[in-house]
Amino acid sequence: MSKLVVEVVDAYDLMPKDGQGSASPFVEVEFDEQRQRTQTKLKDLNPCWNQKLVFHVNNPRELAHKTIDVTVYNDRNAAHAHGGHHNNFLGRVRISGVSVPLASDDPAFTHNVQRYPLDKRGLFSHIRAAPPSVMHMQMPPRQNPEFLLVETSPPLAARMRYRGGDKTSTTYDLVEQMHYLYVNVVKAKDLPVMDISGSLDPYVEVKLGNYKGQTKHLEKNQNPVWHQIFAFSKERLQSNLLEVIVKDKDFGKDDFVGKVVFDVLEIPLRVPPDSPLAPQWYKLADKKGDKVKGEIMLAVWMGTQADESFPDAWHSDAHNITHSNLANTRSKVYFSPKLYYLRIHVMEAQDLVPHDKGRFPDPYVKVIVANQIRPTKILQRTVNPVWDDQLMFVASEPFEDYIIISVEDRIAPGKDEILGRAMIPLRDVPQRFETSKPPDPRWLSLLKPSSAAEEEGEKRKEKFSSKILLRFFLEAGYHVLDESTHFSSDLQPSSKHLRKPSIGILELGILSAKNLLPMKIRDGRMTDAYCVAKYGNKWVRTRTLLDTLSPRWNEQYTWEVYDPCTVITVGVFDNSHINGSKEDARDQKIGKVRIRLSTLETDRVYTHYYPLLVLTPSGLKKHGELQLALRFTCTAWVNMVAQYGRPLLPKMHYVQPIPVRHIDWLRHQAMQIVAARLQRAEPPLRREVVEYMLDVDYHMWSLRRSKANFHRIMSLLSGVTAVCKWFNDICFWRNPITTCLVHVLFLILVCYPELILPTIFLYLFVIGIWNYRFRPRHPPHMDARLSQADNAHPDELDEEFDSFPTSRPSDIVRMRYDRLRSVAGRVQTVVGDLASQGERAQALLSWRDPRATAIFIIFSLIWAVFIYVTPFQVVAVLFGLYWLRHPRFRSKMPSVPVNFFKRLPSKSDMLI
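Cut-offs used in this document
Residues numbered from 1 in each chain as written. Predicted model: local features only at pLDDT ≥ 70, side-chain atom pairs only at ≥ 80, totals over all residues. Heavy atoms only, no water. Helix = DSSP H or I, 4+ residues; strand = E, 2+ residues; numbered from the N terminus. Rg over C-alpha atoms; globule rule 2.2 N^0.38 Å. Buried < 20%, exposed > 50% of the residue type's maximum accessible area, 1.4 Å probe, protein only. Contact = heavy atoms within 4.5 Å. Areas by Shrake-Rupley, 256 points an atom, 1.4 Å probe, with all protein chains shown as cover. Core = buried A, V, L, I, M, F, W, Y, C linked by side-chain atoms within 4.5 Å. UniProt positions renumbered as here; feature names shortened; annotations may be inferred. Axes fitted to C-alpha atoms, helices over the stretch in contact; angles between N-to-C directions. Parallel < 35°, antiparallel > 145°, perpendicular 65-115°, else oblique. Left-handed = near helix turned anticlockwise from the far one by under 90°. Nonpolar A, V, L, I, M, F, W, Y, C, P; charged D, E, K, R; others polar. Pairing = 2+ DSSP bridges. Salt bridge = Lys/Arg side-chain N within 4 Å of Asp/Glu carboxyl O.

## Focus on the overall build of the protein chain
Looking only at helices and strands, the protein chain has 16 helices and 36 strands in total. In terms of overall dimensions, the protein chain is more spread out than a globule: its C-alpha atoms have a radius of gyration of 38 Å, far above the 29 Å expected for 912 residues. In terms of its C-alpha atoms, the protein chain occupies a principal-axis envelope of roughly 125 × 95 × 60 Å. Looking at the protein chain residue by residue over its 912 residues, the buried ones come to 42%. Sequence-distant contacts, at least 24 apart, represent 69% of the contacts inside the protein chain between residues at least 6 apart. Carbon and sulfur atoms make up 56% of the accessible area of the protein chain, which totals about 50900 Å².

Dropping the structure here:
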């Protein structure tokens, strides 16, 4: 929450009001129903306060419409001149919120002190109007305005017209309608042979002004079939004539075969849910317009991005892309593989046979699942080891991998020998649902590596072999974490049978971006931008718009929502796989946005420009702004409300929790599986994109992030501190009227204790209703100030972006280690102080200090007798009145209980 600071400096030549030629002035400032005052300056007509008054600003955007009322009074009680309860009015100033400047983090930046003349309260007020009261006002520094959300009003169908009926039935109402000219080149027949060689390699060129699109050429084919669709943006039409030209591919100059010409103004309009336009046969004509041999089947229509042909069409935005790279620019939908936790309980083995017959082996088990390797503990000198270790892995459908169980002998450090192996197909592993009984363990034969290779040969007589006892099964009741739990988009268990029904629908319109950073300026290009959105197991990728800093996608996507307490992530990337790019080139990140669904109002359309902020080793950079339209529609209100009372994760996470030391490793493995699977799609969703969307390095150490978390804790404690300060002011009678009211309320609650809980809950209700006026009206977004990213030190950023293990010189590592030791030392001191307070509390009855314990138990006995014979209300009244006593009955020295507690022993003197 923002704050307004009013610093009252001084005033001079005030009007005497105490009847003795002087006055005892103080200043009262009122802002937004908050009132504070300065100290009283006794008998001073030229007072100097230099006092800061701080007010809460609920909505900084409304500050310009509010007024700050400053009034100067003579304190009659302080002057002791007259009786009475009213202070004398000395003048006032009314200041508009428009004139309040923003504070700056720059220490060289200062605000000028403003002088204001005192105004009369009314026509007959008797004051000196000329003397000014001097004040210095400012708002504490807030986030850079460039990093804030900007609300927009694009012409969306969802806002421009009333929609009745089912709210989820209409599509593409969260994006601006974009019209396209579609050309579906289906096939041709009876094409004439133009070459003297007697062969025809036909292809079709679709030409509209300067835009040209081509199909693939088909060798030696007079009846070719293409089935290719072209889309030309109506906003960029450069001609009124559409030409569809059939050509013969030649090593020299391609031969003209025939063409069909369309008048763009006569092309029909087709909008879904209309059925697709039926293609027709058209006679080919020569360059003069005369009919020639051959026909071509075409469908030509005007449509929008809602057309089902839109995703797979060749777009005029990518007119210079080759056919081999065209797939890399198209919009696609991807699904993450279905993940399971695989639990393997390695129990024991029997009759292990070492290679060296003269020694007992030091066996351990190595379990391999795909690229995951987990060993058990090493046992010393035994042929019948009992490990009783549980290992967990991540498996994905389809179950094509094998579980490889390898029992090995640790002969020397770094030297192992295989004692036997067993292989289990993943498709044969049973599943466990929630808390059902796990399957029985199985004895498996351990084969020597040579025997395993000969297993597929002729069947041989059974002979002696070592055995291993294992229990293995797939955990279908867990949710496999592939992203951080702080901003997870899916919390459903692996098994579909255990999933709850959906509670609503999330609709996302990816509209446009502006002011993008040029990512290919060295190549003489701007940016080839595309967006990726991830929610649940569904990923979407928009088409790539080439060489522009202001792309307009206007694509809309939909997800089912099972839990409102989830987060959708939208990222923007620069496509590095256009013509001539290397296969190992990495798509560059431009920025991303995260939005929590529970912060959205249902059925409301949110349209904003989100800043694309990226933290780099050189500091925080803004790479542009992304315009999104968002709507969360609830389809099951009862289920959604009930969801708030259910556990965040499936039942198994609480009944049989996964050890904390395994969670990060399993999440990393799940990320690797998802990235590897999506990278095999066409077009691939590349590993660097998936890792950026899933925040693969979120758990790494960052001093900046640690500072941000510390400030978050301090922000939470500021509320407790404010309550303690308010109560301290009550105890010291800073505001006598408020203190008296608290006394009355306290006595009422003591006399009628049954009113305590109703009063508390009624107070919470009233506060909630009061805060409804100031509720957030915008979705949350990346906060640079909260993240401590806008003022991070360069060395801290260099440390955050360092590899693991470090690649920095030893002197820098030593400096950072010393800094970490210094920070850890302060943390260690705080933890030690907390431990000391707890140990002092334990020492009350432990007789560590026999005199202190004796005093405490005797005092406890006296209090027990006193409280027993005295009614509880009397004890509560006495205690409350003592706590709220007037300052003249207080001492500046610590109280007796505090002194007694601090003298109790702790274990700090026992530390070495």
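## Some remarks on the nonpolar core
Core analysis: the biggest nonpolar cluster contains 34 residues, and Leu508, Trp553, Trp559, Ile568 and Leu626 have the highest contact counts within it. Secondary structure elements with two or more residues in this core: β29 (504-514), β30 (529-535), β32 (552-561), β33 (567-574), β34 (588-596), β35 (605-616) and β36 (619-634). When near neighbours in sequence (up to four residues on either side) are disregarded, Leu626 contacts Ile510, Ser512, Ala513, Cys531, Trp553, Val570, Val572, His608, Tyr609, Tyr610 and Leu612. Ranked by size, the runner-up nonpolar core spans 32 residues in total, among them Trp226, Val264, Val300 and Trp314.

## Description of the UniProt feature "domain: C2" (unreviewed entry) in the protein chain
When the UniProt feature table is mapped onto this chain, "domain: C2" (unreviewed entry) is found at residues 1-111, 162-282, 320-444 and 487-610. With 3% helix and 52% strand, residues 320-444 has its two end C-alpha atoms placed 60 Å apart.

## A look at the UniProt feature "transmembrane region" (unreviewed entry) in the protein chain
UniProt annotation of "transmembrane region" (unreviewed entry) refers to residues 740-770 and 854-884 when read in the numbering used here. For residues 740-770, the helix share is 87%, the strand share is 0%, and the end-to-end C-alpha distance is 24 Å. In the segment residues 854-884, helix accounts for 90% and strand for 0%; the C-alpha atoms at its two ends are 30 Å apart.

## Thoughts on the packing of helix α10 (residues 736-751) against helix α15 (residues 872-883)
Orientation of α10 relative to α15, taken along the N-to-C sense of each, is 165°, at an axis distance of 10 Å. The angle between α10 and α15 places the two elements in the roughly antiparallel class. The crossing of α10 and α15 is right-handed. Every residue of α15 that contacts α10 at His743, Phe746, Leu747 and Val750 is listed here: Gln873, Ala876, Val877, Gly880 and Leu881. Of the residues belonging to the contact of α10 with α15, the class tally is 6 nonpolar, 3 polar and no charged.

## Concerning the sheet that holds β34
Within the open sheet, the 5 strands sit side by side as β19-β31-β30-β33-β34. Their pairing is antiparallel. Only two strands of the sheet have a single partner each, and these edge strands are β19 (332-335) and β34. Ignoring strand direction, the axes of neighbouring strands in this sheet form an average angle of 15°. Alignment of β30 against β33, held across 6 bridges, turns out to be antiparallel. In the sheet register, Ala533 faces β33, and the bridge partner there is Val570.

## A short note on the pattern of salt bridges
Evaluated as defined, the whole model comprises 48 salt bridges. We note a salt bridge from Arg432 to Glu475, for which the minimum N-O separation is 2.7 Å. Of the two residues, Arg432 is situated in strand β26 (residues 431-432) and Glu475 in strand β28 (residues 466-475); the sequence distance between them amounts to 43 residues. Each member of the pair, Arg432 as well as Glu475, is classed as buried. Linking Arg687 and Glu691 is a salt bridge whose minimum nitrogen-to-oxygen distance equals 3.9 Å. One end of the pair, Arg687, and the other, Glu691, are both in helix α8 (residues 687-694), 4 residues apart, so they sit about a helical turn from each other. Among the residues examined, Arg687 registers a relative accessible area of 26% and is labelled partly exposed. Look at the salt bridges and you will find they share partners, linking Asp795, Asp798, Glu799, Asp802, Arg808, Arg816 and Arg819 into a network.

## Concerning the sheet that holds strand β6 (residues 88-96)
Pairing within the open sheet is antiparallel, and its 4 strands lie in the order β3-β2-β5-β6. Edge positions in the open sheet fall to β3 (34-37) and β6, since each of these has one partner strand only. Averaged over all pairs of adjacent strands, the angle between their axes in this sheet comes to 20°, without regard to strand direction.

## Brief notes about the environment of Pro684
Turning to its location among the elements, Pro684 is positioned in the loop between α7 (660-679) and α8. Along the backbone, Pro684 and Lys332 are 352 residues apart, and their C-alpha atoms lie at a distance of 9.7 Å. Apart from residues lying up to four places away in sequence, Pro684 is in contact with Asn328, Tyr334, Arg541, Leu678 and Gln679.

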